[in-house]
Structures are given as structure tokens and as C-alpha cells.
Amino acid sequence: MRNWSLSPQSVLSLRLAADARVSTPDYMDDQIWELSLEGGEPASVALQTTYGLRARGMRIFPGFSLGEAVVSDPGQFYSGPVLQHIFPNYASILFAPFQELEVRAEFWIVDSHTVAGRFGLSNLSGDMLQLQMRLFSLLVPAEGGERMSAWHHMGVASLAGRTENLAPVIFIMGGAQVEQTVYPSLVLNRALPPGEMKSILWAHAGQKDSVSSFEAARAAASRPWEAEIAKLELLNESMIDIETGEEEWDAAFQFSQKVAIGSFVGPTRALPNPSFVLSRNPDRGCSRRGDGSDHNWQWDGQTAMHAAFLLPLVIHSAPELAKGVVRNFLSVQKPNGFIDWKPGLGGQRNGALAQPLIATLAWKVYEHTQDRQFLRDVFPGLLEFIKMWFTPEHDRDGDGFPEWDHTLQMGFDDCPSFVPWRLWGQGLDITKVETPDLASYLYRECQSLIRAAKELHLDEHIPPLEERVGSIQKFVDGMWSDEGSLYRYRDRDVHHSPKGEKLGSGSGEFSIPVERTFPGPVRIVIQSMGQEGLKHSAKVFIHGRGGQGRHRVEQLREKHFQWFSNIGTATSEKSYVEIERIEVSGFSNEFETIVSTADFAREDVSLLLPLWAGIPDLERAEILVRETILNPERFWRPFGISSCSSMDPAYEAANNEGAGGVWMYANMLLGEALLAYGFRIEAAGLFQNLMQAILLTLRREKAFREIYHPDFSKGSGERDHICGLVPLGLFLACLGIHFIKPNEFVLRGDNPFPWPVTVRWKGIEIRCFEEHKEVIFPNGEQLEIVGSEPRLIKKSVE
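Residues numbered from 1 in each chain as written. Predicted model: local features only at pLDDT ≥ 70, side-chain atom pairs only at ≥ 80, totals over all residues. Heavy atoms only, no water.

Visitor: Would you mind going over the overall build of the chain with me for this structure?
Guide: Scanning the chain from terminus to terminus reveals 15 helices and 43 strands. Taken against the 2.2 N^0.38 rule, which gives 28 Å for 798 residues, the C-alpha radius of gyration of the chain at 29 Å falls within 12% of a compact globule. Based on the C-alpha atoms only, the size of the chain along its principal axes is roughly 100 × 65 × 50 Å. When each of the 798 residues of the chain is scored for burial, the buried share is 61%. Considering only contacts in the chain between residues 6 or more positions apart, those separated by 24 or more positions represent 66%. Summed over all atoms, the accessible surface of the chain reaches about 29,800 Å², with 48% contributed by carbon and sulfur. (Helix = DSSP H or I, 4+ residues; strand = E, 2+ residues; numbered from the N terminus. Rg over C-alpha atoms; globule rule 2.2 N^0.38 Å. Buried < 20%, exposed > 50% of the residue type's maximum accessible area, 1.4 Å probe, protein only. Contact = heavy atoms within 4.5 Å. Areas by Shrake-Rupley, 256 points an atom, 1.4 Å probe, with all protein chains shown as cover.)

Next up, the structure:
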């Protein structure tokens, strides 16, 4: 287990919660804690929470008295706090309140309602120390609650309070007394002989009543600490330990794995395996309704896209959690093959079809686990799922190239071409567009199923899947733009990708005399903006001719508009080669309406995904990489690949009034794509850019962020969101390391990074140098690997 020595200035996320590998985190009442090494009110080493906003705050912290000296503020310690160990549910800190006294403070989240702690007090002097230790508790309850105060039960003194439906209790082993001062505390007096160490055990529980809380806290404090912590250390040895020579890098890898594993909650009756939440913070975790239906969007289900980013961070240390995510999707599958886009632990269902990434996930899990029974179990459901995407409900023109059903289903919520709730978005109806990203997912999904079928010797399924792959490749090849050196969106019906233009605008009701003939068919996009709450009954009449030359008048009514707050958008059902006029009515003068032809030439990161799928040939891939991806005037920015080309009119690096932030998920896929096509140095450079964005944000905010700025060192979005973590899998792939088992892995001999790297996993140590790697096995045996070709290493188990 890696021993850290991180000061408060370099410490990252210190949120602690129940670990789904050793307990069952309560999806309805998950109490999440944050460890503070400095600051706060009062300043202290503290464990704090809001019980999922059921309290304004709860803060538990120690104080120490030696003679006349009393101290709880880390700023007044003889030696300040240093983080030694950190797991998803455990942390240990070392500090010295006085020169004579060293304290090792341990915090362990036993389950969703219980915290246990241990203070190891060591006398560093040659004299007997008469020590007094206080454990303070500062509860600021919700309205009508009670602050912590003395409470006696079964002859034992403890602290108890109440906030909403919780009755928190704090208990200390060893006969503590209550001291009711500004901050109520439990007090213990200890005589500490020279050179000796004594432990003080305590616990907190937050149950519905004080008696239940007391019993849970006392039971937690009585558990065999040495044995329990030894189990945690053994469990977390499966985390990948990376040493780069830069402690910030190493810590970011470790903390990313901690946050990833710590994002899992459950299982519940709705999902048979633990599932992940997007951000597990102290303000989350409480379902006041008791069924999970009131959890927000970060807690209401798992998507395939989020799983694709998260699973590489947990597959090595928690393979059963990774398998469980795939099985959860299949547990909600309907007989016709339909899998919900976002199944939740509370029984939530989104209603849209899941992104076609689940077979890809399953194959990745199999690659790392070699669990053939898992692959055999999931294959039939995954085969039926992919067929669902090619039904008329999702392939509206029946050409074998499906369309997304909704912008959110795509996973790129603020895609400039389709987002309907942003003024800077075009609001084009995504169901009328064939998109390269969906084709890429389907292509990769079919390839994964082909590999699985070969592995399972189910050869009868291979020919139809190969036919699908060939068909999708032809479709995507037809979306390539030589002029733009990238793939383009394409109109669903006419299979063209015209550039858009504004035809006119006006307030209230008006008519635009277009009188235009276009070089190819165009669709019309209407965007109306007004004050929220104003009534409207939209009617738009489009007079023109279609591709067959027949005159038509198309009517768009209120039901054709999507309204989000004060913005409404609609897209014509028909396409036009000639437009005479467009009439807009049903709006008051407070509404401003813009009429445009649909623009299929916008540039965003999703258009690059065919490279990840492996669709382009080497020549086209070279053009896409050199002229588009690596072009700093388009996507290649100082801190990663931007979600929108800087040449697009919606580009805005801060991601506030436009798109442009660094989306770590897309960067991970494109990093994998660069590696697959031989751009290894460029992939390593991309990873270094991403790491700089993460580290600069961590230094300032002590947390990962959902989105990172492409040009400046700052993040945005939710704190400790799983999509802002370090893409560990990409880093290992750049290094040329693919772990399968402790005695089986694939290595390349070279290292694309400008410094040596050491990787440790389950007793294996791999030292990566510029032109060779050294492998040290648990028994001390060593092996040298040279050359850039992948090599399978299998070590017989003795």
C-alpha cells in the first residue's frame, strides 16, 4: 500500500462514503462525508457533512490539552496534518498537536449511516504525559432540529441531536464525560507513558432515533480495528499505483480511482448490482420520498456513455462492479431487445433507447477479466439490443442508418447543431439527421459482438453482423468532406450536408418573402425567443417546392415546437429546393423569431468519432488527424481537444455562452483512436495536456470538475463529477500496458512519455524507460521487454 505524505495544500478530494465492495451503500439515505485538514469554522481537522441537505452542517473534530496548552486549530499544531492513506471509505492523517505528542487520526465509513474513528496517541517525549482529548461535535440542524448535547443511555454518556428525520449520536469508548461549552464535546483523560501509544475509539451513527444510533455507534466502535483496516488495505492493493516522479500526477491517479470506486451505490430491488452516481457529495444522498424518485439527474441512473468513461478506472480494482454495470443494463431489457437509456437504482427509467455502447463495454470487461461465463451470459441480450437500433422506430427512412431520438440521448447535451435550449444553439431536430457519432457507436458495437461470437464459437451470428459493419462503413464514408477534412452531419432524407444561412427574422407575426431557388434541398429551422411565461400558439407556413418540383405549403404548429423555458425551436418535415415565402404567426410582439436553413456544416467533436470506431482507412485517418484534430485553429487546444471547433460560430472556450469545453469522455475516445492509428506520441501529448488541465484545477479547487477550459487553467460543472477524473485507461494504453491478470499482461517495450514511469498492480512492478521496460514479479524474478511491438507476458503461477 502506497504511503502518501500530502499536505493540505496538495491534498485533492477527501470525500469519504460507504464502499460498495464491502457494504451496501443506501441509495435512499447515503450519508457522505468530507474530510477537512484545515480551515472551516472553527479551524480544525474535521469530518463534515450535511446529511444530504438535512442539516446546515455537521462537523466532528478533535481538540487536545496538555497542561495549560489547548489546541484544535491545525495552524497552531507543532506539526501540521499530512495525509498518509486514502481509500474510498477510509483515510488516515498524521499530525503533532504538541512537540511531545504525535497523533494518527483514522476515519472509516463503515456503512451509509455509520462512521468510526481511531486516534492513535504517541508520546514522543521521555516524560509521562497527562493528556486530555476532546471530540467536538457542531451540528447546525435544519429548522426545528436540536443541536448536539449531553445524552445518557444505559449509563453511558454520549452526544445526541436531531435534524429532520435523523437522530445523530456520537460515542467514545472508555468512559468519556460530556463537556457542554460553545462546542459540545466528549472528554477523555489519558496518562501516556514515555514512548508508548494508546488508541481512542469513537463512532457516529445517524439513524431515525437516538437509541438505534447509539447502538450502531457503539457496535462500530467495538469492531476489531486492526483486522478491519487490514482487510481494507488488502482490498485496495488492487488499485493501480503509478509513480511518475511528480507527486501531483501520482496523487491524481490514486484519487481518481478512489472517486470512481466511491461513486457506486446499491444494489436495490430495481437494479441487481451496484450502480454509479455521477457526483457523490455530502449534499447528495437523501431521498426524502424514500424511493429515490426525488434524486436529481446526477443520481437517477446509469448511462452507457458514463459507464464507458468510468469502467476503465475500476476494472482493475473492482472487476465485479464493472460486470455489474453491464448486467444492470440487461436486467431492465424488454423482450423486444429494448434497454433503457438511463436505468436507475430507484426504478427510474428515461424511456429512450440506450446508447449502443453496451456490447463495447462488455467486450472491454472481458478483455480485462477473461471471464468467459460473463461473456456467454450477456451475449444473447446484447445481440437483441443492437437489432433494436435498426427497427423503423429508430431508422425512420429505412436505409439501415438509424437516427438519434433526442439530443440528450446523444450524450453531448450542448451540441451546437442540435441543442434547443441555448440561444447560441441551432436547435435542428436530431431525428432528421444522420450523425457520424451514432454510426461510429453502432460500428464498434457490431465489431464487439463479432469478437464475442468468435470467442464463444457462435459463428452463425457473425455473417449478419459483418454485413451491418460493411453497410455502416459505406454510409460513413459517404459523410466525409474533402473540403472540411472531417465527417459531416447529413440530412436523413436527401443525404446532403448543405451549409445553413439566415433567411430572415422579425417580431410577433410577420412574413418573409424569400423567393429563392437553392442548389440542393434544404430544411427550415425556426427559433423563437420571448419572455418566460408568455402565451404562444405558433403557426408557421412554408410556401415552396420540393425536389420533385411540386408546389407545397407546409404548416408547423405549436405541437411541432420544442419549448425550453423561453426558447422554442421547430424543424420542417419537408426539404425544399425553392422557397417563395415563410409566414410566422401565433406570437405576440414580445417574441423574436429567426428563420434559417438547416446548417449541416457545423464542427464539433462528435464528428471525429469515426476515427475511434476504426472506420477510415490510413490515408483518410492521416488527413483527419493532421488537418483537423491536431490543428490548433480547430480542435487541438492547450488543455485538450475542445468539444467544438474554434472555427464554429458557437465556440466559446469558457463553455458559458457557447460550446468549447474539454469533454474528458470524448478526449479519452480520441486518445484511443490516435493510438490505434499509430499516433502514439500525439496520444501521449494529448494525455499530458489533459493532465495539466486537471492538475491546475485541483491546485485551485481541490476537486475534479465535470468540464475543463481548453485554453485556461480552470474547470466548471459539478465538483468531483466522474467525467472529470483522470482517464487512467488512456494513460496505460499510451504506456503500452494492458493488464489481464497478475500473471498475464500485454506490454510494449518503449515509453512515449519524457520521463520514467513505474506501475504497480497486485505485486507486479513495471518500470517504463524510454526504450525498454523492466518487469519485477512478486518472487523477485525480473524480465526486460524491448521493442515497440506488443508482447503477451504469461507467468506460471507457482
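Visitor: What is the right way to read unusual backbone geometry from this model?
Guide: Excluding glycine, a negative phi dihedral is what most residues carry, and trans is how most peptide bonds are arranged. Between G266 and P267 the backbone carries a cis peptide bond, its omega angle lying at 10°. The backbone phi angle of E515 is positive, close to 50°, even though this residue is not glycine. Checked against the element boundaries, E515 lands in strand β25 (residues 510-522). With a relative accessible area of 61%, E515 lands in the exposed category.

Visitor: Any chance you could explain the sheet that holds strand β28 (residues 551-557) here in plain terms?
Guide: Within a sheet, each strand pairs with its neighbour through backbone hydrogen bonds, oriented either parallel or antiparallel. Spatially, β25-β31-β27-β28 is the arrangement adopted by the 4 strands of the open sheet, whose pairing is antiparallel. In this open sheet, the two edge strands, each paired with only one partner strand, are β25 and β28. Between one strand and the next, the sheet's axes are offset by a mean angle of 20°, whatever the strand orientation. (Pairing = 2+ DSSP bridges. Axes fitted to C-alpha atoms, helices over the stretch in contact; angles between N-to-C directions.)

Visitor: Just to check I follow, could you spell out the packing of helix α3 (residues 247-261) against helix α4 (residues 304-314) for this structure?
Guide: Helix-helix packing: each pair is described by the crossing angle between the helix axes and the interaxial distance. At a minimum axis distance of 9 Å, the contact between α3 and α4 shows a crossing angle of 115°. Crossing hand, α3 versus α4: left-handed. Across the interface between the two elements, S256, Q257, A260 and I261 from α3 touch L310, L313 and V314 from α4. The class makeup of the residues in the contact of α3 with α4 is 5 nonpolar, 2 polar and no charged. (Left-handed = near helix turned anticlockwise from the far one by under 90°. Nonpolar A, V, L, I, M, F, W, Y, C, P; charged D, E, K, R; others polar.)

Visitor: Looking at this model, I keep getting lost on the packing of helix α9 (residues 436-456) against helix α10 (residues 462-477). Mind explaining?
Guide: Where α9 meets α10, the axes come as close as 9 Å, and the angle between the chain directions of the two elements is 155°. In terms of orientation, α9 and α10 fall into the roughly antiparallel class. With respect to the hand of their crossing, α9 and α10 are arranged in left-handed fashion. Note on element contacts: α10 touches α9 through I462, L465, E466, R468, V469, I472, Q473 and V476, opposite A439, L442, Y443, C446, Q447, L449, I450, A453 and K454. Looking at the contact of α9 with α10, its residues break down into 12 nonpolar, 2 polar and 3 charged. (Parallel < 35°, antiparallel > 145°, perpendicular 65-115°, else oblique.)

Visitor: How do you make sense of the layout of surface pockets when you look at a structure like this?
Guide: If a probe the size of a water molecule is rolled over the atoms, the empty space left behind becomes visible. Its boundaries defined by the atoms lining it, the largest pocket holds a volume of some 1,100 Å³. As for the largest pocket, its lining consists of 40 residues, of which K364, E367, E672, A733 and H738 are closest to the centre. Secondary structure elements with two or more residues in the lining of the largest pocket: α4, α6 (358-369), α9, α11 (609-613), α13 (664-676), α15 (728-735) and β37 (737-741). Looking at the lining of the largest pocket, the element that brings in the most residues is α6, giving 7 residues. In terms of residue class, the lining of the largest pocket is made up of 23 nonpolar, 10 polar and 7 charged. Taken as a whole, the second largest pocket holds about 770 Å³ of empty space. (1 Å grid on protein atoms, 1.4 Å probe; cavity = no way out; pocket = protein on both sides within 12 Å on 5 of 7 lines; lining within 4 Å. Points joined across faces, edges and corners; volume = space filled by probe spheres on them.)

Visitor: Which parts of the structure should I look at to understand α4?
Guide: Side chains three or four residues apart in an α-helix point the same way, a direct result of the helix having 3.6 residues per turn. Among the 11 residues in α4, 11 count as buried, and that is most of the element. Looking only at α4, the buried set comprises A304, M305, H306, A307, A308, F309, L310, L311, P312, L313 and V314.

Visitor: Honestly, empty space enclosed by the protein in this entry has me stumped. Any pointers?
Guide: Tallied over the entire structure, the rule returns 3 cavities of 30 Å³ or more. Estimates place the volume of the largest cavity at around 140 Å³. Lining the largest cavity are 13 residues, with R15, K258, V259, G262 and R280 sitting closest to its centre. Partitioning the lining of the largest cavity into residue classes produces 5 nonpolar, 4 polar and 4 charged. A308, P312, L357, T360, L361, K364, W612, M668, L669 and E672 together form the lining of the second largest cavity. Breaking the lining of the second largest cavity down by element, the ones donating at least two residues are α4, α6 and α13. Split by residue class, the lining of the second largest cavity holds 7 nonpolar, 1 polar and 2 charged.

Visitor: Quick question: what am I supposed to make of the packing of aromatic side chains here?
Guide: Pairs of aromatic rings are described using the distance from one ring centre to the other and the angle between the two planes. A full pass over the atoms with the stated rule returns 40 aromatic pairs. Residues F61 and Y183 carry aromatic rings whose centres are separated by 6.0 Å and whose planes lie at 75° to one another, so their mutual orientation is edge-to-face. Of this pair, F61 sits in strand β4 (residues 55-66) while Y183 sits in the loop between β14 (177-179) and β15 (185-192), and the two are 122 residues apart along the sequence. Through a chain of ring-to-ring contacts, three or more aromatic side chains come together here, namely W249, F253, F687, F731, F753 and W755. Across from the ring centre of F390, 3.8 Å away, lies the NZ or CZ of R468, which sits over that ring. Over the aromatic face of Y576 sits the side chain of R552, whose NZ or CZ is 5.1 Å from the ring centroid. (Phe/Tyr/Trp six-rings, centres within 6.5 Å; stacked < 30°, edge-to-face > 60°. Lys NZ or Arg CZ within 6 Å of the ring centre and 35° of its normal.)

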